[in-house]
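Commentary on secondary and tertiary structure
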Amino acid sequence: MSDTILPPITAKKDTVLEKHGDKRIDSYYWLNDRENPEVIQYLKDENAYYEKMTAHTQTLQKDLFEEMKARIKEDDESVPYLYNGYYYITRFEKGKEYPIFSRKKGSLTANEEILFNCNEMAKGHSYFNLGGLNISEDNKLASFSTDVVGRRIYTLQVKNLETGELLADKVENVSGPAVWANDNQTLFYTTQDKVTLRSDKIHKHVLGGDAKKDELIFHEKDETYNVYVAKTKSKKFLVINSSSTLTSEYQILDANKPSDKFKVFQPRTRGLEYNISHFKDHFYIVTNKDKATNFKVMKTPDNATAKENWVDVIPHNDSVLIEGIEIFKNYLVVEERSNGLNKIRIMPWDKSGDYYLPFEIETYSASIGTNVDFDTDVLRYGYQSLATPYSVIDFNMKTKTKEVKKEYEVLGGKFDKNNYQEERVWATATDGTKVPISVVYRKGMKKDGSNPLLLYAYGSYGNSMEPNFDSTILSLLDRGFIYAIAHIRGGEDMGRQWYEDGKLLKKKNTFTDFIDCSKFMIEQKYTSPKHLYAQGGSAGGLLMGAVVNMAPELYNGVLAAVPFVDVVTTMLDETIPLTTGEYDEWGNPNDKVYYDYMKSYSPYDNVKAQDYPNMLVTTGLHDSQVQYWEPAKWVAKLRTLKTDKNLLFLDTNMDAGHGGASGRFEALKELAKEFSFLLDLEGIEK
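Residues numbered from 1 in each chain as written. Predicted model: local features only at pLDDT ≥ 70, side-chain atom pairs only at ≥ 80, totals over all residues. Heavy atoms only, no water.

1. What about the overall build of the protein?
Looking only at helices and strands, the protein features 12 helices and 38 strands. Expected size for 686 residues packed as a compact globule is a radius of gyration near 26 Å; at 25 Å, the protein falls within 12% of this value. Each principal axis of the C-alpha atoms in the protein carries an extent, and together these give about 70 × 55 × 50 Å. For the protein, the residues scored as buried account for 57% of the 686 residues in total. Considering only contacts in the protein between residues 6 or more positions apart, those separated by 24 or more positions represent 56%. Of the roughly 28,500 Å² that the protein leaves accessible, carbon and sulfur atoms contribute 48%. When the 87 positive and 101 negative side-chain charges of the protein are each reduced to one mean point, those points stand 1 Å apart. (Helix = DSSP H or I, 4+ residues; strand = E, 2+ residues; numbered from the N terminus. Rg over C-alpha atoms; globule rule 2.2 N^0.38 Å. Buried < 20%, exposed > 50% of the residue type's maximum accessible area, 1.4 Å probe, protein only. Contact = heavy atoms within 4.5 Å. Areas by Shrake-Rupley, 256 points an atom, 1.4 Å probe, with all protein chains shown as cover. Lys, Arg positive; Asp, Glu negative; His and termini not counted. Charge placed at Lys NZ, Arg CZ, Asp CG, Glu CD.)

2. Description of unusual backbone geometry
With a phi angle near 75 degrees, F295 is a residue other than glycine that sits in the positive phi range. Looking at the secondary structure, you find F295 in the loop between β20 (282-287) and β21 (296-301). A residue is classified by how much of its surface remains accessible, and F295, at 10% relative accessible area, is buried. Positive phi is not limited to glycine here, since S538 has a value of about 60 degrees.

3. Examining the environment of K123
Along the chain, K123 falls in the loop between α3 (118-121) and β7 (129-135). On the basis of relative accessible area, K123 is assigned to the exposed category, the value being 57%. Counting along the chain gives 551 residues from K123 to E674, while the straight-line C-alpha distance between them is 27 Å.

4. Observations regarding the packing of helix α2 (residues 58-71) against helix α12 (residues 666-681)
Contact geometry of α2 with α12 gives a least axis separation of 8 Å together with a crossing angle of 125 degrees. Between α2 and α12, the angle falls in the class oblique. In this structure, α2 meets α12 at a crossing whose hand is right-handed. Contacts from L60, Q61, L64, F65, M68 and K69 of α2 reach α12 at L668, K669, L671, A672, K673, F675, S676 and L679. Taken together, the residues of the contact of α2 with α12 break down into nine nonpolar, two polar and three charged. (Axes fitted to C-alpha atoms, helices over the stretch in contact; angles between N-to-C directions. Parallel < 35°, antiparallel > 145°, perpendicular 65-115°, else oblique. Left-handed = near helix turned anticlockwise from the far one by under 90°. Nonpolar A, V, L, I, M, F, W, Y, C, P; charged D, E, K, R; others polar.)

5. What about the environment of D584?
If you trace the backbone, D584 turns up in helix α9 (residues 583-586). Residue classification places D584 among the buried residues on the basis of a relative accessible area of 11%. If we ignore the near neighbours within four places in the chain, the residues touching D584 are S244, T245, L246, R270, K503 and L504.

6. Some remarks on the sheet that holds strand β37 (residues 614-620)
Taken in spatial order, the eight strands make up an open sheet running β31-β32-β34-β33-β35-β36-β37-β38, and their pairing is mixed. Both outer strands of the open sheet, β31 (420-428) and β38 (648-653), are each paired with one neighbouring strand and no more. Going from strand to strand, the sheet's axes swing by 20 degrees on average, the running direction of each strand aside. Sheet analysis places strand β36 (residues 557-561) next to β37, joined by five bridges and oriented parallel. If you follow G557 over to β37, its bridge partner there is N614. (Pairing = 2+ DSSP bridges.)

7. Remarks on the sheet that holds strand β23 (residues 321-327)
Whether parallel or antiparallel, the strands of a sheet pair through hydrogen bonds between backbone atoms. Strands sit in the order β23-β24-β25-β26 across an open sheet of four strands; the sheet is antiparallel. The two strands at the open ends of the sheet, each matched to only one other strand, are β23 and β26 (355-356).

8. A closer look at the pattern of salt bridges
Close approach of charged atoms lets side chains of opposite charge pair. Taken as a whole, this structure holds 51 salt bridges when the rule is applied. For D584, the salt bridge goes to R270, with nearest N and O atoms at 3.0 Å. Of this pair, D584 sits in helix α9 while R270 is found in the loop between β18 (263-264) and β19 (274-279), placing the two residues 314 residues apart along the sequence. With a shortest N-O distance of 2.7 Å, K592 and D596 are connected by a salt bridge. Linking K592 with D596, this pair stays in helix α10 (residues 592-601), spanning four residues, or about one helical turn. The class of K592 is partly exposed, set by a relative accessible area of 42%. One network of salt bridges, in which partners are shared, links E273, E492, R496, E500 and K503. (Salt bridge = Lys/Arg side-chain N within 4 Å of Asp/Glu carboxyl O.)

The following block contains the structure:
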């Protein structure tokens, strides 16, 4: 590696940002203009620097890519599910990047009807995503939406499945799927604010009508809320959901009467969260009503939906988080979480005895799958662990027998799950809280502090990080790495309170939990600071930014993907997508208490003259969630202040958004870059 390759240094152009009498000098504020050629040139210069500095890893990157690709069954397909007389299948063909959506009428031996071949649709686009596929009740039409930029701004169209023709109906700037009324002629869809990209309006489109004249059904004017439209599993109701971080509101409409007006299910009440499912003549509600922190299940007649009519079905339990329900003709199925683990509870309506699905180990993840049929005794669920590939299982709730419909194959001939050891260990946080960590490594590993370890976490929005199987991680495990997930506060891994204790004015618990988990792995001799690596993306990238400011000495390297690092500036800018809807997560910095607290941990604001670990920072030019300029500004500031000679790279995908590349193999190339960065730091060349 040559010392003569100098990193790009971009111009400082001081901007004074003032709030609450506090002045912040932002030397790189100007980077937030993606139309400015000087900005684009800076990103290209950083990319060129990264490419030159990692040129010696090109062979390793290629090998990693081919290795990860070789484990994937290229001509794979999903387990078919039956809906409204058709079996629906998603499949991939060898060498192709994108899925093919198809169906078969009545039987799996029937002729295949290809609905959408995304490989054909993606031609000519560097990014492509098909979303919101929805079939009309008469099975003759499909609504679908496409995004060819990566900013999650979709174009809605309708395809005649009998003729294969696209109808003239076309709606721009939609977000999320459209929903059919039962007349097979009326579609309800969501649009978004063109500046903030907040989903804020529901429209109605009647086939053949002018999209520009579509009726506005609902406009959510509160900037902290997003909206979507859906249909109940019973097909009886269309529902509009408005939700903020802490509050829900639903509106319902008879799906047979699309010309009628939606009526409010239960008016929004700050702090009241609820979710609705319809069965027979009742709605079943998962809610935190009556201070049910971990949620409970209630029900109400479908003609009397206000909260005073709700009655308990499953009462609140301090130690059990209710995450969701699935309703069948003869059973209520409940997704629960206790002691950090998923549980699936089967409750027959005839009260013949509740029971739980049995799971043996502590590093698994189980979740209800696609269950579109009411009138069945079969529950489809998914199961996996850190060392066990994802399985789709059909469980007969009556006979209590199960059939593994599919365990996803790991090709290449080298994988055997018996070669890996899984553990769940508990670190003690600074305040005494026990934090679970899921760990996997190759059997025979010695805990002598010499092992490279990659510690991953997220820790925001109540998103639990499941110990899921990931075949790409095998490329690290088989080269001597330990992989671990820290289930830190800010997620919901240990119940709702776990989330409450890692947000707003308690956000720093998320960062100190991760640091304490890191120290635990070092103390227990899994690894040492010389071999410890940290990884997080988006809000997990914020975690990375905070951690390297607070405890840089613990890590040899850090992977920060699309990191949310300029917290104060972003949360003060109401034109940015997501900002106003995030106040309940981070706080509103227009309030000085939250401003001061945010400023005290915001990674960009707290970069200082100190040694930092080796770092690879990645972003996408078209990212709508964490704008590219946050990581760009952060890296520029780090370059001027850090006192070490460690590596610092900014790699910008100039064609993609928040999720990175859209093709299944292109995404592996990005992963190969990240893994090669870690392996290179460890001196592992093959």
